[in-house]
Structure formats: C-alpha cells, structure tokens
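These are the residues of each chain, in order.
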Amino acid sequence: QSALTQPASVSGSPGQSITISCTGTTSDVGVYYYVSWYQQRPGKAPKLMIYDVSNRPSGISNRFSGSKSGNTASLIISDLQPEDEADFYCGSYTSSSTWVFGGGTKLTVL
Amino acid sequence: QITLKESGPALVKPTQTLTLTCTFSGFSLSTSGVGVGWIRQAPGKALEWLALIYWNDNERYSPSVKSSLTITKDTSKNQVVLRMTSMGPEDTGTYYCARRGCIGGSCYNSFDYWGQGILVTVSS
C-alpha cells in the first residue's frame, strides 16, 4: 500500500482559512468513511483532530472540520491561529483492514 | 485517564531483533472493539503504520513490513508487545503505540490516544 498524498506545505495568515488535501485510492480513502487527521507539534506525539472524515473528538475546536469527495479527503482550518502551526497527517483505514498515513503537511501561520 | 507508554532499547545493532512494550492504563484490551497499534516515524519523515492487535487477538500488519513483525498482547498486564526482526538502519525512528479510537461505546478506525514515543536507533 502506498502512502496517501498530501501537499508538503501550506500557509496562511491569522484569521484566514486553509485546506489540506489527502488523496488516496479506491482501496483506502475512496472506499470507506474512515479518514482521520492528526496534528503533530515538534517533538510531540500526534493528536487526533478529526475521525471518520468529519467528526471532532471532544475538546477539538470547531475551527477544524473535514470532508471527503471520492478518493480525496480534506481538512479545513478556519480562523487560523498562530498555535495551529504544526505538521498535519491524514490517515485512512483500507480495504485490506490495515491503515495507511499520508506524507504529512507542514502548516505555517504567517 | 487513558495513558500509553512505550519502553524498550534505545539502541539496537543491525540484524538484531527489536522488542518494544506498550504499557497502558485507563482502558482494557479485553473490551469489544478495542485495539492497540504501533506507528513509527523516521527522523523528519512521515508516520508509518506498522501493526495492530484487537481485543479478540486478531492481528493486522503493514504489508511492507509484515514478514518481520509480530504483535502480541498480555491483557492481564495491560501490555502490547511489538517484535521486529532483522533490524536495519532504515528502521531508525520514533516508535509510538496508540489506541484504536473508542468514544462512548463505539470504536472507530482512528487512533485517539498515543504514547510519548520511544526513539530507537539502529547502529553498530
């Protein structure tokens, strides 16, 4: 299984909205609604931000939202804040009952 | 409070076998739907899912490393062990254990709690 495809970097100014895409195949992103998103700050463990495409765990700001169309999922961060600067990874359950992650996207808040 | 913590050697030699232990608290691996997985991250690189074991002893492995991995659990000790044979320099990285996400009485195909990670270096 190949890693999901994410842009290497995205940037935005405080208050703006940004979108991070995550492209897979009909064997992972496209087959189930089991896409999740993780935020990772330097030297820290990943943190679950979105599960099942668009659901937020308790305590996650509603500025974070997710969607999916076909083989591509998206993480949308609205009202960008300086503390949002981090690496973001998408993950997907696959038709082989395994998991696969994306290559990661570095978000820079200008 | 749910916590997970990885333990094991910080340094292994090439060709050796790595054994990592994930000790967790705040949930039970005998509860239906629960699973604990291992994910690694090479320095400066992306996350890579390795393996997961379910409450019912079902094991899943990444196809790319399946032949070198074994995951087991000891429910009474609240531990999950990952064994990785024939270690090479390319296996250097931080290894995380994480719980398959469960919210309320339902479990989801995501990872909601993670350990702090353990850095493993493969070098002679």
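Computed from a predicted model, the values in this text were never measured in an experiment.

Draft legend 1. Highlighting the overall build of chain B. Of regular secondary structure, chain B possesses zero helices and 11 strands. Walking chain B from its N terminus toward its C terminus, one meets helices and strands in the order β-β-β-β-β-β-β-β-β-β-β. Relative to the 2.2 N^0.38 estimate, which gives 14 Å for 124 residues, the radius of gyration of chain B is 14 Å and therefore close to what a compact globule would have. Structurally, chain B occupies a C-alpha span of about 45 × 25 × 25 Å along its principal axes. For chain B, the residues scored as buried account for 49% of the 124 residues in total. Relative to all contacts within chain B whose residues are 6 or more apart in sequence, the contacts with residues 24 or more apart total 54%. As displayed, chain B offers around 5,500 Å² of accessible surface, 47% of which is attributable to carbon and sulfur atoms.

Draft legend 2. Molecular detail of the interface of chain B and chain A. In this complex, chain B contributes 23 residues to the contact, which on the side of chain A involves 20 residues. Taken over both partners, the interface formed by chain B and chain A buries close to 1,900 Å², and the fraction arising from carbon and sulfur atoms is 64%. The three residues of chain B that bury the most area against chain A are B:L47, B:W49 and B:N109, which together make up 32% of that side's buried surface. On inspection of chain B and its partner chain A, the count reaches zero salt bridges. Where chain B touches chain A, the interface holds nine residue pairs in polar contact (both at pLDDT 80 or more). The set of elements that each furnish at least two residues to the side of chain B that touches chain A consists of β4 (35–41), β5 (47–54), β6 (59–61), β9 (93–103) and β10 (106–114) of chain B.

Draft legend 3. Fine view of the state of the cysteines. Residues and elements named next belong to chain B. In the structure shown here, the tally under the stated rule is three disulfides over all chains. Covalent S-S linkage joins C22 and C97, the inter-sulfur distance amounting to 2.2 Å. The sign of the S-S torsion, about 70 degrees, decides the handedness of the disulfide formed by C22 and C97: right-handed. Of this pair, C22 sits in strand β3 (residues 18–25) while C97 sits in strand β9, and the two are 75 residues apart along the sequence. Overall, the relative accessible area of 0% leaves C22 in the buried class. Paired through a disulfide, C102 and C107 show a sulfur-sulfur distance of 2.0 Å. In this structure, the disulfide formed by C102 and C107 twists by about 95 degrees around the S-S bond and is classed as right-handed.

Draft legend 4. Main features of the pairing of β3(B). Residue and element names in this part refer to chain B. As defined by bridge partners, strand β1 (residues 3–7) adjoins β3 across five bridges and the pair is classed as antiparallel. Its bridge partner being in β3, S7 is matched across the sheet by T21. Taken together, the six bridges between β3 and strand β8 (residues 79–84) define a ladder with antiparallel strand orientation. Counterpart to L20 in the pairing with β8 is L82.

Draft legend 5. Here's a closer look at the pattern of salt bridges. All names here are of chain B. Here the structure, examined in full by the defined rule, presents five salt bridges over all chains. Among the salt bridges present, the one from D91 reaches R40, with a minimum N-O distance of 2.7 Å. With a gap of 51 residues between them, D91 in the loop between β8 and β9 and R40 in strand β4 connect regions that are remote in the sequence. No difference in accessibility class separates D91 from R40, as the two residues are buried. Salt bridges linked by common partners bring R40, E48 and D91 together as one network.

Draft legend 6. Examining the sheet that holds β8(B) more closely. Residue and element names in this part refer to chain B. What the four strands build is an open sheet, ordered β1-β3-β8-β7; its pairing is antiparallel. Of all the strands in the sheet, just β1 and β7 (69–74) have a single pairing partner and so form its edges. With direction set aside, neighbouring strand axes in the sheet form an average angle of 20 degrees.

Draft legend 7. Spotlight on the nonpolar core. If you look at the biggest cluster of nonpolar residues, it comprises 29 residues, and the most contacted ones within it are B:V36, B:W38, B:V80 and B:Y95. Secondary structure elements with two or more residues in this core: β3, β4, β5, β7, β8, β9 and β11 (118–122) of chain B. At four residues, the largest contribution of residues to this core is made by β3(B). Grouped together as the second largest cluster of nonpolar side chains are 23 residues, A:C22, A:W37, A:I77 and A:A86 included.

What counts, and where the lines are drawn
Residues numbered from 1 in each chain as written. Chains lettered and ligands numbered in written order. Predicted model: local features only at pLDDT ≥ 70, side-chain atom pairs only at ≥ 80, totals over all residues. Heavy atoms only, no water. Helix = DSSP H or I, 4+ residues; strand = E, 2+ residues; numbered from the N terminus. Rg over C-alpha atoms; globule rule 2.2 N^0.38 Å. Buried < 20%, exposed > 50% of the residue type's maximum accessible area, 1.4 Å probe, protein only. Contact = heavy atoms within 4.5 Å. Areas by Shrake-Rupley, 256 points an atom, 1.4 Å probe, with all protein chains shown as cover. Buried area = accessible area lost by both parts, 1.4 Å probe. Salt bridge = Lys/Arg side-chain N within 4 Å of Asp/Glu carboxyl O. Polar contact = N/O pair within 3.5 Å; in protein donor to acceptor, adjacent residues only side chain to side chain. Disulfide = S-S within 2.5 Å. Pairing = 2+ DSSP bridges. Axes fitted to C-alpha atoms, helices over the stretch in contact; angles between N-to-C directions. Core = buried A, V, L, I, M, F, W, Y, C linked by side-chain atoms within 4.5 Å.

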